[in-house]
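Notes for the structure review
The lines below spell out each chain.
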Amino acid sequence: MKTAELREFLADLSRSTAELTRSTAELRASQLETDRQMKDTDRQIKEHRLQMKDTDRQMKETDRLMKETDLQMKDTDEKIKALSGLFTSQWGKLVEALMRPGTIKLFQERGLQVNQMTERRTGRDSQGVGLAGLVLARGGGFDEFQRFIAMIAVVIEGVVEGIKL
């Protein structure tokens, strides 16, 4: 090989080496960027996993609270039912107890002869009309029964207004 050819070969070799060095540097930079991106992706995946764990924890807590609320609502429903029983079954007994002491005397003062008192009695008259009352009036027929109902209204009004019987 001649010196000129050799110089040309060395120049080409030098250019190729420079190109190879530049390509290697670009490749290295690209690999570093890929590594950085992969680390960032790993970090994001870890954050996402933590967020999912926190979401799972919150969902479990919400589920627990909902179950607790459900139990409280059932307990409250039972208490309301028990209290409503007091107002439906016990209310009548309360009114009877408030009216009982002076009822016979009050009816007799108003001209309605009352011979006995009975509690929690119901029935129907000969025409099928339902009857229920604290005081059982004897005799007198339907007119006396109407007076009886009117007097019950007076007695109840007196109880409501706090009048002592």
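Being a predicted model, the structure only gives us computed values, none of them experimental.

Quick look at the overall build of the protein chain
Across its full length, the protein chain carries two helices and two strands. Across the 165 residues that make up the protein chain, the buried fraction comes to 11%. When contacts within the protein chain are restricted to residue pairs at least 6 apart in sequence, long-range pairs at least 24 apart make up 45% of them. When the accessible surface of the protein chain is split by element, carbon and sulfur atoms take 58% of a total near 13600 Å².

Remarks on a nonpolar patch on the surface
On the surface, Leu6, Phe9, Leu10 and Leu13 cluster together to form a nonpolar patch covering roughly 360 Å² of accessible area. On the accessibility criterion, Leu6 (38% relative accessible area) is partly exposed.

A short note on the pattern of salt bridges
In total, this model carries 12 salt bridges according to the counting rule given. A salt bridge links Asp12 to Arg15, with the nearest nitrogen and oxygen atoms 2.0 Å apart. Of this pair, Asp12 and Arg15 both sit in helix H1 (residues 3–109), three residues apart, which is roughly one turn of that helix. Three or more residues are tied together by salt bridges with common partners; here these are Glu19, Arg22 and Glu26.

A short note on the confidence of the model for the protein chain
Taken over all residues, the pLDDT of the protein chain has a mean of 78, while the share at 70 or more is 64%. Per-element mean pLDDT across the protein chain ranges from 47 in strand S2 (residues 130–136) up to 87 in H1. Confidence over residues 129–138 falls short of pLDDT 50; this stretch has 35 contacts with residues more than four positions distant or in other chains.

Cut-offs and rules
- Each chain has its residues counted from 1, running along the sequence as written.
- In keeping with the predicted nature of the model, local features appear solely for residues at pLDDT of at least 70, side-chain atom pairs appear and are counted solely at 80 or more, and the whole-chain, interface and lining totals rest on all residues.
- Water and hydrogen atoms play no part in the side-chain values, which are based on all heavy atoms of the structure.
- Strands here are runs of E lasting at least two residues and helices are runs of H or I lasting at least four, both read from the DSSP assignment and numbered beginning at the N terminus.
- Per-residue accessibility, obtained with a 1.4 Å probe over protein chains only, is compared with the maximum for each type, and a residue is labelled buried under 20%, exposed over 50%, and partly exposed between these values.
- Contacts are assigned to residue pairs with any non-hydrogen atoms lying within 4.5 Å of each other.
- Areas reported as accessible are Shrake-Rupley estimates using a 1.4 Å probe. Residue values count occlusion only from the protein chains shown.
- Patches were defined on residues exceeding 30% relative accessible area and lacking a salt bridge, with like-charge contacts within 9 Å and nonpolar side-chain contacts (Val, Leu, Ile, Met, Phe, Trp, Tyr) within 5 Å.
- We define a salt bridge as a side-chain nitrogen of Lys or Arg found within 4 Å of a carboxyl oxygen belonging to Asp or Glu.
- pLDDT runs from 0 to 100 and stands for how confident the predictor is about each residue.

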